[in-house]
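Remarks on the overall topology
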Amino acid sequence: MKKIATFLGAAALLAATLVPAVAAGSNCANSTTGPYSNNTCTINNSSNVTVNNVNDAQIVNTVRSVSNTGGNSASYNTLGGAISTGNASSNVTVSSIANINTTNVTAGFAGGSNSGMNEITGPYSNNSAYVNNDYRVNTYNSNTATVNNDVNVTSDSGDNNADYNTGPASVRTGNTALGLLVDTHVNDSFTVVSLGGSGSTSNNTVGNSTTGPYSLTNDAVVNNTADVNINNVNDLRVDNRVLTDSNSGRNTANYNTLGGDITTGNATSDVGVNTEGNINTTAVSMALGSFNNDGSNEVTGPNSNNSSYVNNARNVLIDNWNNKCQSHNADDRFGPDCDVNDLGIFNDVQDTVDSGSNHGDYNTGGAVVTDGWSSLVESILNHLNDVLNQVQI
């Protein structure tokens, strides 16, 4: 999993860290209840967290870069013509970063001790004690991105002419070096949800103690419920049209009476086109057992009905939709009839490195052509629809 480390260019960078606060502790009790009485104590701890990250990015990069010491002419001279060019170098970086969402939600089920008890209940009484902890986390990440990179880079010391000279003609070109990086990183959502008091010593305690005879109902219940819904929806189209030319050649020394010599410099080119998008990283951790849940019946009366319950429910739903025309404004950005076949990465890369194509023709005194070396290093990296889901419950 490659996550972005340096944030440059046009970007929507969103970071949310949410830590819901929970009360230090809550206690309720039905204690020393009268005969034929109905008694209820309830503790409700509820946290609802909703995070919506909705992003649109439209990026258009049009770059034209020319580094030129060539294109010279020394022709039609009686005593000869000489051309000597310097070096030509060009280094271009086009970086686009957009629609980056980072969300961190942390909540503890037992921020303090919660206690509900039925103690010393009267005969024929109804007694209920509840502790309810309810956590709901909803995260919606919707990203739509269109990126158009149209890049044309030239580094040129060639295209020189020394022709039709009576005296000797010579062409000496410098070295050319071209470096280009087109880097696009869009639609990256990182979501962490941590529920449960990891390492907590807090307790949820319910119980029935010393219940009366014929007490009809003595219920002590702990309910821990966690619902986590995470939706990652991404649509993108990236068009990379790249044309590069690193040239020290294409020189002529023709039709010279005393001859023509050509010596070219070296030509090098290093081109990288990196595109990353629709990367979803989701981690959900629920540790309902990291604190104590106690339910007990102690010293119960004759013919009494006593119940203690501890209920833990954990529900996790993670949806990842990448390039399915499902983002919030896919129809507006990609047309009312959005077609998944029109989404993705489209690269059109044409690179030329040339120290040759030199001509020393039709000279009376002879011609010598010496070409330098040429080198091309090209890397095209596409990193698309990368999903990592980690759930610990």
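Scroll up a little and you will see the structure.
It should be emphasised that the depicted structure is a prediction, and the values quoted were computed from it without experimental measurement.

**Topic: the overall build of the protein**
When its secondary structure is counted, the protein shows 1 helix and 18 strands. Looking at the protein as a whole, 48% of its 393 residues qualify as buried. Here the contacts in the protein between residues at least 6 apart in sequence split such that 89% fall between residues at least 24 apart. Working note: accessible area of the protein is about 17,300 Å², and carbon and sulfur atoms make up 46% of it.

**A few points about the pattern of salt bridges**
Side chains carrying opposite charge are able to pair once their charged atoms draw close together. Taken as a whole, this structure holds 7 salt bridges when the rule is applied. Note that Asp150 is salt-bridged to Arg64, the shortest N-O span being 3.3 Å. Of this pair, Asp150 sits in strand S7 (residues 126-156) while Arg64 sits in strand S3 (residues 38-68), and the two are 86 residues apart along the sequence. A relative accessible area of 52% means that Arg64 is categorised as exposed. In this structure, Asp159 and Arg250 form a salt bridge, with 3.5 Å as the shortest nitrogen-oxygen distance. Here Arg250 lies in the loop between strand S11 (217-247) and strand S12 (260-263) and Asp159 lies in the loop between S7 and strand S8 (169-172), a separation of 91 residues in the sequence. By relative accessible area, Asp159 is classed as partly exposed at 28%.

**Here we look at the state of the cysteines**
Per the counting criterion, the structure on display carries 2 disulfides. Here Cys28 pairs with Cys41 through a disulfide, and the sulfurs are 2.4 Å apart. The sign of the S-S torsion, about 55°, decides the handedness of the disulfide formed by Cys28 and Cys41: right-handed. Of this pair, Cys28 sits in strand S2 (residues 25-31) while Cys41 is found in strand S3, placing the two residues 13 residues apart along the sequence. As far as burial versus exposure is concerned, Cys28 and Cys41 are alike and both buried. Two residues, Cys325 and Cys338, share a disulfide whose sulfurs are 2.1 Å apart. The sign of the S-S torsion, about -70°, decides the handedness of the disulfide formed by Cys325 and Cys338: left-handed. In this pair, Cys325 is assigned in the loop between strand S15 (306-322) and helix H1 (330-334) and Cys338 in the loop between H1 and strand S16 (344-354), connecting sequence segments 13 residues apart. As far as the burial class goes, Cys325 and Cys338 line up, both buried.

**Section: unusual backbone geometry**
Trans is the common state for peptide bonds, and a negative phi is the common state for residues other than glycine. The phi angle at Ile120 is positive, at roughly 55°, despite the residue not being glycine. With respect to the helices, strands and loops of the structure, Ile120 is situated in the loop between strand S6 (113-119) and S7. For Ile120, a relative accessible area of 46% translates into the label partly exposed.

**Details of the packing of aromatic side chains**
Counting across every chain of the model gives 5 aromatic pairs. When the centroid spacing of 4.9 Å and the interplanar angle of 0° are considered together, the rings of Tyr164 and Tyr255 count as stacked. Taken together, the positions of Tyr164 in the loop between S7 and S8 and Tyr255 in the loop between S11 and S12 put the pair 91 residues apart, joining distant regions of the chain. Judged by relative accessible area, which is 40%, Tyr164 ranks as partly exposed. Feature note: the residues Tyr76, Tyr164, Tyr255 and Tyr362 constitute an aromatic cluster, connected by ring pairs. For the cation-ring pair, Arg237 lies above Phe346, with the distance from its terminal atom to the ring centre recorded as 4.1 Å.

**A short note on the sheet that holds strand S17 (residues 367-370)**
Strands sit in the order S4-S8-S12-S17 across an open sheet of 4 strands; the sheet is parallel. Sheet topology places strand S4 (81-84) and S17 at the edges, where each strand pairs with a single neighbour. With strand direction ignored, the average angle separating the axes of adjacent strands in the sheet is 5°.

**Structural notes on a nonpolar patch on the surface**
The grouping of Tyr36, Tyr124, Tyr214 and Leu216 at the surface amounts to a nonpolar patch, some 440 Å² of accessible area in total. As for its placement among the helices and strands, Tyr214 is situated in the loop between strand S10 (203-209) and S11.

**A word on the nonpolar core**
The biggest cluster of nonpolar side chains holds 13 residues, and the ones touching the most others in it are Val137, Val193, Leu195, Val228 and Met286. Listing elements by their share of this core, those giving two or more residues are S3, strand S5 (88-107), S7, strand S9 (176-195), S11 and strand S13 (267-286). Here this core takes 3 residues from S11, the largest share from any one element. Residues within four places of Val228 in sequence aside, it is in contact with Val137, Val193, Leu195, Val284, Met286, Asn315, Val316 and Leu317.

**Remarks on the environment of Tyr140**
By the element assignment, Tyr140 lies in strand S7. Under the relative-accessibility criterion, Tyr140 is labelled partly exposed at 27%. Through-space distance from the C-alpha of Tyr140 to that of Ile230 is 6.0 Å; in sequence the pair is 90 residues apart. Tyr140 has contacts with Val51, Asn52, Asn53, Val54, Asn231, Val233 and His328, leaving out every residue within four places of it along the chain.

Cut-offs used in this document
Residue numbering note: each chain is counted from 1, following its sequence as written. Thresholds applied to this predicted model are a pLDDT of at least 70 for local features of residues and 80 or more for the giving and counting of side-chain atom pairs; totals over whole chains, interfaces and linings are not thresholded and use all residues. The side-chain values count all of the structure's non-hydrogen atoms but skip hydrogen atoms and water molecules. Comment: elements are numbered from the N terminus, with helices defined as DSSP H or I runs of at least four residues and strands as E runs of at least two. Think of it in three bands: residues with accessible area under 20% of the maximum for their type are buried, residues over 50% are exposed, and the middle band is partly exposed, with areas taken using a 1.4 Å probe on protein chains only. Residues are treated as being in contact if the distance between any of their heavy atoms lies within 4.5 Å. Here the accessible surface of atoms and residues is derived via Shrake-Rupley with a 1.4 Å probe, and residues count as covered only by protein chains that are part of the display. Throughout this description, the term salt bridge denotes a Lys or Arg side-chain nitrogen within 4 Å of a carboxyl oxygen of Asp or Glu. By disulfide we mean two sulfur atoms from cysteines, separated by a distance within 2.5 Å. Centres within 6.5 Å make a pair out of two Phe, Tyr or Trp rings, where for Trp the six-membered ring is used; the pair is then stacked when the planes are under 30 degrees apart, edge-to-face when over 60, and tilted otherwise. By the criterion adopted, a ring carries a charge over it if an Arg CZ or a Lys NZ lies within 6 Å of its centre and within 35 degrees of its normal. The pairing criterion is simple: DSSP has to find at least two bridges between the two strands. Interaxial angle, 0 to 180 degrees, is taken between N-to-C directions of lines fitted to C-alpha atoms, where a helix line uses only the stretch in contact. Within this analysis, patches are made of residues with over 30% relative accessible area and no salt bridge. Like charges are joined at 9 Å or less; nonpolar side chains (Val, Leu, Ile, Met, Phe, Trp, Tyr) at 5 Å or less. Working definition of a nonpolar core: buried Ala, Val, Leu, Ile, Met, Phe, Trp, Tyr and Cys residues. They are joined through side-chain atoms within 4.5 Å.

The values are spatial; any link to function lies outside them.
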